[in-house]
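Survey of secondary and tertiary structure
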Number of protein chains: 2
Amino acid sequence: MRKIYLSNTPRQEALEKFLSGVEIPRRIETEAVAKSLGRVTAEPVFARLSMPGYHAAAMDGIAIRAEKTFGASDQNPLVLDPVEDYCNINTGGVLPAGFDAVIKIEELQFLEDNRVEILAPATPWQHVRAVGEDVVAGELIVPARHRLRPPDLGALLAGGITTVRLLAKPKAAIIPSGSEIVDPGGERGKGSVPDFNSTVIAAYLQEWGAEPSIHSIVPDDPDQIKEAISAALEISDLVIINAGSSAGEKDYTCTAIEDLGEVFIHGVATRPGKPTILGQARNKPVIGLPGYPVSAYLSLEWFVQPLIFRCLGLPLPQRDKLPVILGRRVVSEIGVEEFVRMTVGFVDGRYIANPLTRGAGITMSLVRADGLLVIPANLLGFEQDETVEIELYRPQSQLRCNLLAAGSHDLIIDLLATAIKERNPQMNLSSTHLGSMSGITAVGRGQTHLAGVHLFDPETKEYNRPYIRKLFPHKKLHLVNLTYRMQGWIVPAGNPDGIKMIGQLADLKLSFINRQKGAGTRLLFDHLLREAGLSPDQIYGYAREEYTHLNVAAAVAAGTAQVGLGILPAARAFDLDFIPLVEERYDLLLSDSFYNSPAAKLLLEIITDPTFHRQVEAMGGYSMRDAGQIIE
Amino acid sequence: MRKIYLSNTPRQEALEKFLSGVEIPRRIETEAVAKSLGRVTAEPVFARLSMPGYHAAAMDGIAIRAEKTFGASDQNPLVLDPVEDYCNINTGGVLPAGFDAVIKIEELQFLEDNRVEILAPATPWQHVRAVGEDVVAGELIVPARHRLRPPDLGALLAGGITTVRLLAKPKAAIIPSGSEIVDPGGERGKGSVPDFNSTVIAAYLQEWGAEPSIHSIVPDDPDQIKEAISAALEISDLVIINAGSSAGEKDYTCTAIEDLGEVFIHGVATRPGKPTILGQARNKPVIGLPGYPVSAYLSLEWFVQPLIFRCLGLPLPQRDKLPVILGRRVVSEIGVEEFVRMTVGFVDGRYIANPLTRGAGITMSLVRADGLLVIPANLLGFEQDETVEIELYRPQSQLRCNLLAAGSHDLIIDLLATAIKERNPQMNLSSTHLGSMSGITAVGRGQTHLAGVHLFDPETKEYNRPYIRKLFPHKKLHLVNLTYRMQGWIVPAGNPDGIKMIGQLADLKLSFINRQKGAGTRLLFDHLLREAGLSPDQIYGYAREEYTHLNVAAAVAAGTAQVGLGILPAARAFDLDFIPLVEERYDLLLSDSFYNSPAAKLLLEIITDPTFHRQVEAMGGYSMRDAGQIIE
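Residues numbered from 1 in each chain as written. Chains lettered and ligands numbered in written order. Predicted model: local features only at pLDDT ≥ 70, side-chain atom pairs only at ≥ 80, totals over all residues.

A count of helical and extended segments in chain A gives 19 helices and 39 strands. Taking 632 residues into account, the globule formula puts the C-alpha radius of gyration at 26 Å, and chain A, at 34 Å, lies well above it. With the principal axes as the frame, chain A shows a C-alpha extent of 115 × 70 × 45 Å. Sorting the 632 residues of chain A into buried and exposed places 54% on the buried side. Taking as baseline every contact in chain A between residues at least 6 positions apart, the subset at least 24 positions apart corresponds to 77%. (Helix = DSSP H or I, 4+ residues; strand = E, 2+ residues; numbered from the N terminus. Rg over C-alpha atoms; globule rule 2.2 N^0.38 Å. Buried ≥ 20, exposed ≤ 12 C-beta atoms within 10 Å, placed from the backbone. Contact = placed C-beta atoms within 7 Å.)

What follows is the structure in structure tokens.
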């Protein structure tokens, strides 16, 4: 039996056990104030000098003796002689000895021979910036455990402080482990996995105020893992091993930590993130992070960030929260706390959120996410249209301008995302690819701004309109053409099976890779099947689904499928052959309120822009001849 | 006539004129992905490789041929032989050729001779991570104008991207100018001003994504200023001169920019920040910032930050806003947009904000500020208890835990600030020093959590209680002793005037420096005057007020006053002599709701802690013998 069963400790309990079991040792260092931005003070800092260091004029004007001006009035103007009665002075200038007030230049009448006339008395010390008005010697400038911001640096320097005692950045060692792991820039043989996790972990640590260092990759060898941890402990304040924390046969991390110290927790009741190891060795924290990227990064945030912030004496930053309406049902399992990455948009006056792919291995789900939905362990999930609170990855002000795109996947949607951002930096296009049918439903129900659709209706021989009319007969929606694009067979280079007709797929028993239900391309395939008098069970692989054209092409390129149906640029991305079959119309469906918004105006501007047309057509297989034409 | 009058252009109008007149030139550079955290993409980035690059097991278990398992059930278990029927596989392992599904280890029965038994069929491609599941070649990873976050770096590396085209950081030259300006670490002669502004400006620019460089200090000489700007333009994308933008006789900045290019704006209708110059030379932005620190930093944020963010194609970050109740009236002038730094606390279930000192020269007002109140040009200000919206400098979650202290100033309050932060990093002590009387009013009215008070009542010979009873006879408030402290004469070292008795101040016509109305120390002085049968007009300088003990000592140290009344550590901070007069009781007044909060418990823990007592008593002139004793 090679299986080690992981525990199922609730996240909060695991964190408390970890934090009470070990801490990052605090070190203090001295640094120049000018180099201390963002760093944390180790001690309270008191001013050494006063600023200003002398009595200074607070206005441009003249320095005078207040006593001399008593009695001056409109009826009884007072004439002052230079040198004896007054000196010219600019803002910041030294108040000369014996003078005790400043009269503003605006209040002076200039006479001959440099004499000036005043019409009102001055009060002693008026318009004088007293010694220490900004910072006074002995005053507290910043307390201990304070993260230094730009104006703090100014106040320190003003107070005569040029070096400051800081909490040293915790030194964090990152040890990538696994015999399959290779350098991220290196050759990728079959079965090798590039180590991109270390770069991400280091980037998070850097943002949190630690000093990360990425160590050499360690193969799956118990002795080498132990040695690497041991060596890292010598020069670091905490050690992170990634991965080897699941329970596969070659996972030696847990044993290594046990041998060197103590494992507090192996397995937390979360998804993703379960196979986390929390322990200590030589009184320093040692963490085994899961190998899957999303698991690793979430686990890092749950368990390492609090450790670092506690060491620096800073409050843990809280993400803003936002109540949103769920565009789709989200199910979960009892007993597991689940973390779902979400896109968010402001549709018809409400914030709507839709879940992204759930897989722990999908880094792109974090790249695309606008927020995170946490489903507590005691819930089975949430229903569509339910209001839930999510943690925000982007500021709410930006989500207000987020465009939500659903429906069919096309590479033009990616180009649109960039074109929109270039024209209006506030805006962002968040898209989820669920297929044309779901896209229509989402627009009709007010869950998204727009959807790409390409649904051929065999009865009427028309695209999109029949489906929309059937689903939402009474709703005012807008259909605008985006492009015409060529669909065809995606086959290995040289088309070894000589595919031309759909009948060959059945005859040659070719392994096919299909698209998901509701996708326009799948409906097209079904239509082609019916036309040829074939049934799905005659196609090997009919049940195997991918969600995008590129993923279909990837399967063909990997040799796990011999043919797929999709668009030309997808075939090109993998140097595959493309056998054109049919040109189809690809439209955008817009809700009525969105159609009348400035954002839609910008969108239509882009899709009718000849520069954008050239960009799209360069990908191959597209015609933008009717782009922007309103169909309904 | 040496006066140049400044224009009074509204801020928004000035910004639009500036932004439409000139922009920072965009440059592109290539950087390693691992070094690109926080940088901005110049182009959309598409994946070059797929991740995973092969079909991989998504679970620990065995790889099988799905077809072979059809028909397996509880009633009809299927036995699989190693090598021929299955291979062991760990998460991430390569699916061997010919195999098309994975069965999880949990679903296996282990038999003898390495054979395994299954009780259910597998579906093709179950638990298989398909090629490109995370990132598929050709897919858009990030659009152009995207600020790279940690997971973005991971997705780029996963997609086979190791270098990325970025928008170069705009190079910003900072030229400190003024003949009075010296290096911040250098000697401070009388009339010299340390250049701390450049460090602060550079720190802000760095935070905003620019690359600042601080140039040499330029004296007030028209040719040298012009030369410095001209040289900076050669190597920079924008040039900032600080200061020389007000209209004093030696302000040559404006003329210099006019000579080299064009001045769009000289003078904006704001307070602080008015003397700002916005212009261009050689098609690059040139900005003259005001000399006063707060003016300079606000002006930088109004006019330089939008320029940088536009160049980087990023949305301008918005500060969170919060509706607060004003603890005090805030007046303003019609025609001027005013920016008031505020402290904020959560008192009795409401967010209460109080203004800090208004002076443009007070860097400490930015250090202490929790938020910023913007008073529009068309308003005369806001009334006490009015609800206004402020921009937040700290997250709301932290302000929720902010302790607001008002009332008398004592150095122990500074020590408390540090002690609180050390025990609970979430907490922060924001204090405004308005004197004991205002402190009692603020606590009684629910505008602050606590106040330091030391008011002697000559009739009852008692401290504090008589005043509180008179002001709030029916309110439940709590009075807790903090310390006993020695008040005395603060005089130059060696006590040259031999001061002992108050009568000498009048007899010798000594120049006195007083405290503000409502301060306990001022009431003490008035009491001493009455006891000696003296009247205020017999004291020279009676009307001259400072707000803290340290500022009183600073005036004596500067020689502009010969005597002040205050506490020992203030005298010590300036190496002055201290003639003890009277030991007074200094209490803390707490509102009822605060008294019963966990924060107050923490506060009382600190002031009864012997370590804290030692710290306080080391400053001199304090006795903590009754600290924490509840008086009422």
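A separate point is the nonpolar core. Counting residues in hydrophobic clusters, the biggest one holds 391 residues, and the most contacted among them are I229, I240 and A553 of chain A together with I229, I240 and A553 of chain B. The residues contacting A553 of chain B, other than those within four sequence positions of it, are I490, G564, G566, A570, A571, A573, F574 and L576 of chain B. (Core = buried A, V, L, I, M, F, W, Y, C linked by C-beta atoms within 7 Å.)

Take helix α14 (residues 520-531) of chain A next. Residues and elements named next belong to chain A. For α14, with twelve residues, the first-to-last C-alpha span of 16 Å sits near the 16 Å given by 1.5 Å per residue. Taken together, the buried positions of α14 are G520, T521, L523 and F525. In the stretch just after α14, G533 is the one whose phi turns positive, near 70 degrees. (Expected span 1.5 Å × (residues − 1).)

Here we come to the sheet that holds strand β16 (residues 211-214) of chain A. Across a sheet, strands are paired by hydrogen bonds formed along the backbone, either parallel or antiparallel in direction. Residue and element names in this part refer to chain A. Read across the open sheet, the six strands follow the order β16-β13-β17-β21-β20-β18; overall the sheet is mixed. Either end of the sheet is taken by a strand with one partner, and the two such strands are β16 and β18 (261-266). Ignoring strand direction, the axes of neighbouring strands in this sheet form an average angle of 20 degrees. Relative to strand β21 (residues 284-289), strand β20 (residues 277-281) is paired through five bridges, and the arrangement is antiparallel. When the sheet's bridge partners are listed, I277 is paired in β21 with G288. The sheet contacts of helix α5 (residues 222-235) involve β13 (171-176), β17 (238-242), β20 and β21, and relative to β13 the element is tilted by about 165 degrees. (Pairing = 2+ DSSP bridges. Axes fitted to C-alpha atoms, helices over the stretch in contact; angles between N-to-C directions.)

Here D113 of chain A lies in the loop between β8 (109-110) and β9 (116-118). Taking C-alpha positions, D113 of chain A is 8.6 Å from P82 of chain A, a pair spaced 31 residues apart along the chain.

This part is about the interface of chain B and chain A. Interfaces are often described in size by the accessible area the parts lose on coming together. With 102 residues of chain B at the contact, the number on the chain A side is 102 residues. Considering every element that reaches the side of chain B that touches chain A, the biggest residue donor is helix α3 (residues 150-158) of chain B, with eight residues. Residues that form the side of chain B that touches chain A fall into these classes: 54 nonpolar, 30 polar and 18 charged. (Nonpolar A, V, L, I, M, F, W, Y, C, P; charged D, E, K, R; others polar.)

It is worth spelling out the relation of the copies chain B and chain A at this point. Of the transformation placing chain B onto chain A, the axial shift is 0.0 Å and the rotation is 180 degrees, giving an RMSD of 0.1 Å. Viewed as a symmetry operation, the transformation between the two copies matches a two-fold axis. The C-alpha atom lying nearest the rotation axis in chain B is that of D320 of chain B; the distance is 5.1 Å. Here 100% of the interface residues in chain B have copies in chain A that are interface residues too; the copies meet face to matching face. (Least-squares fit on C-alpha atoms with pLDDT ≥ 70 in both.)

This part takes up the packing of helix α4 (residues 197-207) of chain A against α3 of chain B. Across the interface, α4 of chain A lies against α3 of chain B with an axial gap of 8 Å and an inter-helix angle of 165 degrees. One finds that α4 of chain A runs roughly antiparallel with respect to α3 of chain B. Remark: the crossing between α4 of chain A and α3 of chain B carries right-handed chirality. When α4 of chain A is examined against α3 of chain B, the residues N197, T199, V200, A203, Y204 and E207 of chain A are found in contact with a partner set consisting of P150, P151, L153, G154 and L157 of chain B. Counted by class, the contact of α4 of chain A with α3 of chain B contains seven nonpolar, three polar and one charged residues. (Parallel < 35°, antiparallel > 145°, perpendicular 65-115°, else oblique. Left-handed = near helix turned anticlockwise from the far one by under 90°.)

Let's shift gears to the pairing of β17 of chain A. All names here are of chain A. Of all five residues in β17, five are buried; the element is thus mostly enclosed. Alternating residues of β17 divide into L238, I240 and N242 and V239 and I241, and every residue in both groups is buried. Sheet topology note: the β13/β17 ladder contains five bridges and is parallel. Note that in β17 the partner of A173 across the bridge is V239. Sheet analysis places β17 next to β21, joined by four bridges and oriented parallel. Bridge pairing in β21 places V239 opposite V286.

Of note, the amide linkage connecting M51 of chain A to P52 of chain A takes the cis form, showing an omega dihedral of -5 degrees. With a phi angle near 55 degrees, D113 of chain A is a residue other than glycine that sits in the positive phi range. In this model, K461 of chain B sits at a positive phi of 60 degrees, which is unusual for a non-glycine residue. A tally of 8 C-beta atoms within 10 Å means that K461 of chain B is categorised as exposed.

Attention now goes to the domain arrangement of chain A. The domain architecture assigned to chain A consists of domain 1 (11-26 + 169-311), domain 2 (28-52 + 133-167), domain 3 (56-129), domain 4 (321-444) and domain 5 (450-623). The gap between the C-alpha centroids of domain 1 of chain A and domain 3 of chain A is 70 Å. (Domains from an automatic or database assignment.)

All names here are of chain A. Strand order in the open sheet made by the three strands is β6-β4-β7, with antiparallel pairing throughout. Edge positions in the sheet fall to β6 (87-89) and β7 (101-104), since each of these pairs with one other strand and no more. Each adjacent strand pair in this sheet contributes to an overall mean axis angle of 40 degrees, direction not counted. Relative to β7, strand β4 (residues 61-64) runs antiparallel, the two sharing four bridges. Bridge pairing in β7 links A63 to V102.

For the rest of this paragraph, the subject is helix α18 (residues 598-607) of chain A. All names here are of chain A. A600, L603 and I607 are the residues of α18 that are buried. In an axial view of α18, the angular spread of the buried residues amounts to 55 degrees, which keeps them on one side of the axis. Along α18, exposed side chains directed more than 90 degrees from the buried face belong to P598 and K601. On the buried face of α18, the contacting elements are β34 (477-491), β38 (577-591), α17 (592-595) and α19 (610-617). (Arc of directions from axis to C-beta.)

Next up on the list: the confidence of the model for chain A. Averaged over every residue, the pLDDT of chain A is 93; the share at 70 or more is 98%. Quick note on the complex model: pTM equals 0.93, ipTM equals 0.93. (pLDDT = per-residue confidence, 0-100.)

With that out of the way, let us pick up the environment of Q516 of chain A. Turning to its location among the elements, Q516 of chain A is positioned in the loop between β35 (512-515) and α14. Among all residues touching Q516 of chain A, those that are not within four sequence positions of it are G435, R522, E545 and Y547 of chain A.

The subject of this paragraph is the environment of I606 of chain B. Residues and elements named next belong to chain B. Note that I606 resides in helix α18 (residues 598-607). For I606, a count of 19 C-beta atoms within 10 Å gives the class partly exposed. Between the C-alpha atom of I606 and that of P425, which follows or precedes it by 181 residues, the distance is 15 Å. Leaving out residues up to four positions away in the same chain, I606 has contacts with L416, A419, I420 and F612.

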